[in-house]
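# Understanding the architecture of this molecule
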Amino acid sequence: MHTTSLPFDGAVRLPRWGVIRARGADAATFLHGQLTSDVAQLGPSQARLAGFCSAKGRLQASFVIWRPGPDDVLLACHAGVLPATLKRLSMFVLRAKCKLDDASAEWPLHGLAGPAAAGLLGDTPPWQGRTSGGATLIRLPDVDGLPRALAAGPLDTSALPALDEAAWRWLEVLSGVPLIEPATVDQFVPQMINLELLGGVDFRKGCYPGQEVVARSQYRGTLKRRTFLFDVDAGAQAGQELFHSADPGQPAGLVANAAPRPDGGSSVLAEVKLVALDAGSLHLGAPDGPLLRRRALPYAVPIDAAQPA
């Protein structure tokens, strides 16, 4: 049995996350026509990733979605993109029997990691949910064997160790699961941040905003950028540009998410030009900025030139 070397254990409130609720007889059908994932077939104990795109196929938000009831769908996203996303989604409701609102206060989110998560999750597999008291627990992908869960709703954490929020953010980055933040709205088609590799894009479902662009990127081989995991000996933040040593005159990529490493510096999920991985070096913020050191993602990126060494 694989055991993790990561020493994290406990629970932490997630202030950077918020929750949009869709309620009504047409809630799932409405969202099915707006998001990149199949919402109509989402079961009561299932969760999955999804994106909301512009007409040009660029992500406005990314979500963890689940259905707490037959007529309810919840969408957890970055709190900074929630107001604009809620407003834009509401424009498309029209005559559908669906009401959208900000349910962040009703559904507070916590992150659980290590033994604290394992004890509540039991044998729940990734992207499946279970209830604990008044909360829904969604198992997230492990990080180096460390169990993680997203808890939504009232959760008694008094008996659990406190987990540092920066540590949780680092685990989010190491998981390779990106989150659209305010600084990266309208920057990526879903495949640029590997969303389809993580089950967040369904190519068999019907139309949604940007669907033609997303499908074309998938089937015409036009994708020239992907997201990878890097360490850097400096502070980093979403929206920072990357530069390549062989082409310093223009950016070679963009930081999607960043978090401080416990031993100093940062880990980042960054979208980069695939050709920039062949040779030379990548730098944060400027051509002579801090050097980025690539590390392996916990899943394969199916492009020959982009495989970890």
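Residues numbered from 1 in each chain as written. Predicted model: local features only at pLDDT ≥ 70, side-chain atom pairs only at ≥ 80, totals over all residues. Heavy atoms only, no water.

## What to know about the overall build of the protein
Here is the rule: We count a stretch as a helix when DSSP gives it H or I for four or more residues in a row; a strand needs E for two or more, and each element gets its number in order from the N terminus. When we talk radius of gyration, it's over C-alpha atoms, and the globule rule is simply 2.2 Å times the number of residues to the 0.38. Three labels apply to residues, based on accessible area from a 1.4 Å probe with only protein chains included: buried if under 20% of the type maximum, exposed if over 50%, partly exposed otherwise in between. Residues count as neighbours in contact if any of their non-hydrogen atoms are within 4.5 Å of one another. Using the Shrake-Rupley algorithm and a 1.4 Å probe, accessible areas are obtained, with residue cover drawn only from the displayed protein chains. For the purpose of charge, His is not counted, nor are the chain termini; Lys and Arg are scored as positive and Asp and Glu as negative. Where a charge lies is defined by one atom per residue type: Lys uses NZ, Arg uses CZ, Asp uses CG and Glu uses CD.
A tally of helices and strands in the protein yields five helices and 16 strands. On C-alpha atoms alone, the protein measures out to a radius of gyration of 19 Å, which is about the 19 Å that the 2.2 N^0.38 rule sets for 309 residues. C-alpha atoms of the protein, sized along the principal axes, occupy 55 × 45 × 35 Å. By residue count, 55% of the 309 residues in the protein fall in the buried class. The long-range share in the protein, meaning contacts at least 24 apart out of those at least 6 apart in sequence, stands at 70%. For the protein, the accessible area works out to roughly 13,300 Å², and carbon and sulfur atoms hold 53% of it. Side-chain charges of the protein comprise 29 positive and 29 negative groups, with the mean position of each set lying 7 Å from the other.

## Quick look at the confidence of the model for the protein
As a reminder, the rule being used: Across the chain, each position has a pLDDT score giving the predictor's confidence in that residue, from 0 to 100.
Confidence along the protein averages 94 in pLDDT terms, with 96% of residues attaining 70 or more. Below a pLDDT of 50 lies the segment residues 304-309, which in the model reaches 11 contacts outside its immediate sequence neighbourhood of four places, other chains included.

## Here's the deal with helix H4 (residues 165-174)
To be explicit about the condition: Each polar contact in these results corresponds to two N or O atoms within 3.5 Å; when the atoms are within protein, one needs to be able to donate a hydrogen and the other to accept it, and residues that are neighboring in sequence are counted only if both atoms are side-chain atoms.
Burial of H4 is extensive: seven of the 10 residues sit out of reach of the surface. Inspection of H4 places Ala167, Trp168, Trp170, Leu171, Glu172, Val173 and Leu174 among the buried residues, and these make up the whole buried set. The N-capping residue of H4, defined by a side-chain oxygen 3.1 Å from the backbone nitrogen of Ala166, is Asp164. Looking one or two residues past H4, Gly176 carries a phi angle of roughly 80°, positive in sign.

## Some thoughts on the sheet that holds strand E4 (residues 59-69)
Paired through backbone hydrogen bonds, the strands of a sheet run either parallel or antiparallel to each other. Basically, it comes down to this: We call two strands paired when DSSP finds no fewer than two bridges between them. Axis geometry follows a simple rule: fit a line to the C-alpha atoms, using only the stretch in contact for helices, then measure angles between N-to-C directions, giving values from 0 to 180 degrees.
The strand order across the open sheet formed by five strands is E3-E4-E5-E2-E6, and the pairing between neighbours is antiparallel. The open sheet has two edge strands, strand E3 (47-53) and strand E6 (99-102), and neither has a second partner. Averaged over all neighbouring strand pairs, the angle between strand axes comes to 30°, with direction disregarded. Inspection of the sheet shows strand E2 (residues 17-23) paired to strand E5 (residues 72-78) by seven bridges, in the antiparallel sense. Bridge assignment links Arg21 to a residue of E5, and that residue is Leu74. Set on the sheet, helix H2 (residues 82-91) makes contact with E2, E3, E4, E5 and E6; between it and E6 the angle comes to about 170°.

## Some remarks on the pattern of salt bridges
Here is the rule we go by: By salt bridge we mean one thing: a side-chain nitrogen of Lys or Arg within 4 Å of a carboxyl oxygen of Asp or Glu.
Summed over all chains, the structure comprises 14 salt bridges. With a closest N to O distance of 3.0 Å, Arg295 and Asp231 form a salt bridge. Of this pair, Arg295 sits in strand E16 (residues 292-295) while Asp231 sits in strand E11 (residues 225-232), and the two are 64 residues apart along the sequence. Using a relative accessible area of 31% as the deciding quantity, one classes Arg295 as partly exposed. For Asp233, the salt bridge goes to Arg261, with nearest N and O atoms at 3.2 Å.

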